[in-house]
Amino acid sequence: MAVLQKLDRLMATEIISLTFVITASLSSIMIMGKLPRYADFLFSAPESVTTFLMLLLYIFPNVLKLTVPISLLLASAIVTIRMAADRELEAWMSSGVSIFRFAAMPTFLGIAVMLISLFSALYFEPYSTQQFNKFKWIQTRGVVEAVLANTIREKSFIYDVPSTEKVNMSLYFQKVSSDKSEFMNVFMGIKPPSENFFSVLVSETGSLKKTQNYGLPDYVFSLQDGTAYAERESNETLPVLIKEHPKTFYFSKSISAKIDLTQFPKPQDLIVTQFKDMDISLVNTFKSKFKTDSTFSGGADQLYPAAYIEFLKQQIDNSPNWKNDRLVIEKFLFILKQVAVPLSTLFLPIIGVCLGIQDPRRKQYGVYFGIGLVIFALYSSMSLCQQLILNFTISPICMLFIPPSVLIFIILILLRWRLRHPPSTGFIAFVRDDLFKIKFFTKKD
């Protein structure tokens, strides 16, 4: 018993330390790879150090979700290879240690890492996302206050309004109060990148109010008694409209009916809307300047499991045919993937042990190639499963079972192949009592 406890302590110490080192290395590489996409965010923030730390808090859980399983697989394989090279593996075989007993500690570590990963995916990630979004709100509020202090002026068109990316905006105020909270005769022109024309808002009065939005400070630009003008291009060409609406579209006497109508631009409509009150959240408008990675959750990645389940129930109740609603399936799939990756972590150290049992006299290049194939098989199975679910081919719940099933199949194949090609004569005794009881391993080719 003391010998087996020594084996467990030896494997636990080496696997944990090596997993930590590999995780730190891989996580650093992935974080450095993600940071360039947030360069504008970092440089535009007033406090770069605080912004950098908050950005790390946001990125770190998402990175750990990918690096910890890979690190545990690598650590288990490397420790087993090292023991085989030092002839320790043969010593444990000769003392009567079975392959299942040898893999007990890596399996226990896999369970521990699985539980930690589940906690990280279901609780730490939503927490970090919540904190980062609050931080973005505070940063955005600072930008809005700077705009209000330096940009707003009366009786002059303002073209340099810092707004969302590639959005053209112009403002005009006939009269502005001394504290810049009340306006008279307001003109606002907006042209998003998706539109070909400006949308115009004109109101007699306007005001700027400081209020609360989800418990956080916000600035609301309120317009009263105004009119909105929006120009809309038709989806149909002129020949189609003439054919479908001959009483509305007709030829004048000065235009020949033989003219090529496809050369004409598409008809346009001017939509005029009267409004009494219109509120625009400036903080929400400017928040898009601070972009982050998008997910299928649609913002629900800030919710803890109980709240997310309640959110899914509301989505299902609002969509009776939700099984064919891609948006609902995407949100359902998000929480399932959060659980599927940690569940798969349970089997990776066992695969590492199976790969690491090698002849010490041979090169170990095949082991690292096999590790690459295992990682590819895991994430490609998840990607394929996701595509099949989004195409309504299989049920979303399959995401919980297909990736672990792929890993279990890999374990069985590795053990069967190693049983047919043992690294040494002692290996047969190492596995006979356990594996020969299973028909899969005694079945002849």
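Structure's up top.
Keep in mind it's a predicted model, so treat the numbers as computed, not measured. (Residues numbered from 1 in each chain as written. Predicted model: local features only at pLDDT ≥ 70, side-chain atom pairs only at ≥ 80, totals over all residues. Heavy atoms only, no water.)

Visitor: I'd like a description of the overall build of the protein, backed by residues and values.
Guide: Along its length, the protein carries 15 helices and 5 strands. Across the 445 residues in the protein, those meeting the buried criterion constitute 42%. Put simply, 68% of the contacts in the protein that link residues at least 6 apart link residues at least 24 apart. A total accessible area of about 24900 Å² is found for the protein, and carbon and sulfur atoms account for 62% of it. (Helix = DSSP H or I, 4+ residues; strand = E, 2+ residues; numbered from the N terminus. Buried < 20%, exposed > 50% of the residue type's maximum accessible area, 1.4 Å probe, protein only. Contact = heavy atoms within 4.5 Å. Areas by Shrake-Rupley, 256 points an atom, 1.4 Å probe, with all protein chains shown as cover.)

Visitor: Before we move on, could you go through the packing of aromatic side chains and cite the residues and values that matter?
Guide: For any pair of aromatic rings, the description rests on two quantities: the centre-to-centre distance and the angle between the ring planes. Tallied over the full model, the rule gives 7 aromatic pairs. Between Tyr308 and Phe334, the ring centres sit 5.9 Å apart and the planes meet at 25°, which makes this aromatic pair stacked. Of the two residues, Tyr308 sits in helix α9 (residues 305–318) while Phe334 sits in helix α10 (residues 326–345), which places them 26 residues apart along the sequence. For Phe334, a relative accessible area of 17% translates into the label buried. Among the aromatic side chains, those forming a connected cluster through ring pairs are Phe119, Tyr123 and Tyr304. (Phe/Tyr/Trp six-rings, centres within 6.5 Å; stacked < 30°, edge-to-face > 60°.)

Visitor: Summarise the packing of helix α12 (residues 365–390) against helix α13 (residues 402–420); cite the residues concerned and give the values.
Guide: The contact between α12 and α13 brings their axes to 9 Å, and the two run at 150°. Overall, the two elements α12 and α13 adopt an arrangement that is roughly antiparallel. For α12 against α13, the interelement crossing comes out right-handed. Taking contact as the criterion, the partners of Val374, Ala377, Leu378, Ser381, Met382 and Cys385 in α12 are, on α13, Ile402, Pro403, Val406, Leu407 and Ile410. In the contact of α12 with α13, the residues fall into 10 nonpolar, 1 polar and no charged. (Axes fitted to C-alpha atoms, helices over the stretch in contact; angles between N-to-C directions. Parallel < 35°, antiparallel > 145°, perpendicular 65-115°, else oblique. Left-handed = near helix turned anticlockwise from the far one by under 90°. Nonpolar A, V, L, I, M, F, W, Y, C, P; charged D, E, K, R; others polar.)

Visitor: Which residues make up helix α3 (residues 48–85), and what values do they have?
Guide: Counting along an α-helix, one turn takes 3.6 residues, and residues three or four places apart therefore face a common direction. For α3, the principal kink sits at Leu64 and spans about 35°. Just past α3, the residue Arg87 takes up positive phi, approximately 65°. (Bend = angle between axes of the 7 residues up to and from the residue.)

Visitor: Explain the packing of α3 against helix α11 (residues 348–356) to me, and be specific about the residues and the numbers.
Guide: In contact at an axis separation of 7 Å, α3 and α11 are set at 30° when each is read in the N-to-C sense. Considering the angle they form, α3 stands roughly parallel to α11. Two packed elements cross with a definite hand, and for α3 against α11 that hand is right-handed. Side by side, α3 and α11 meet where Pro69, Leu72, Leu73, Ser76, Ala77, Thr80, Ile81 and Ala84 of the first sit next to Leu348, Pro349, Ile351, Gly352, Val353 and Gly356 of the second. Looking at the contact of α3 with α11 residue by residue, the classes come out as 10 nonpolar, 4 polar and no charged.

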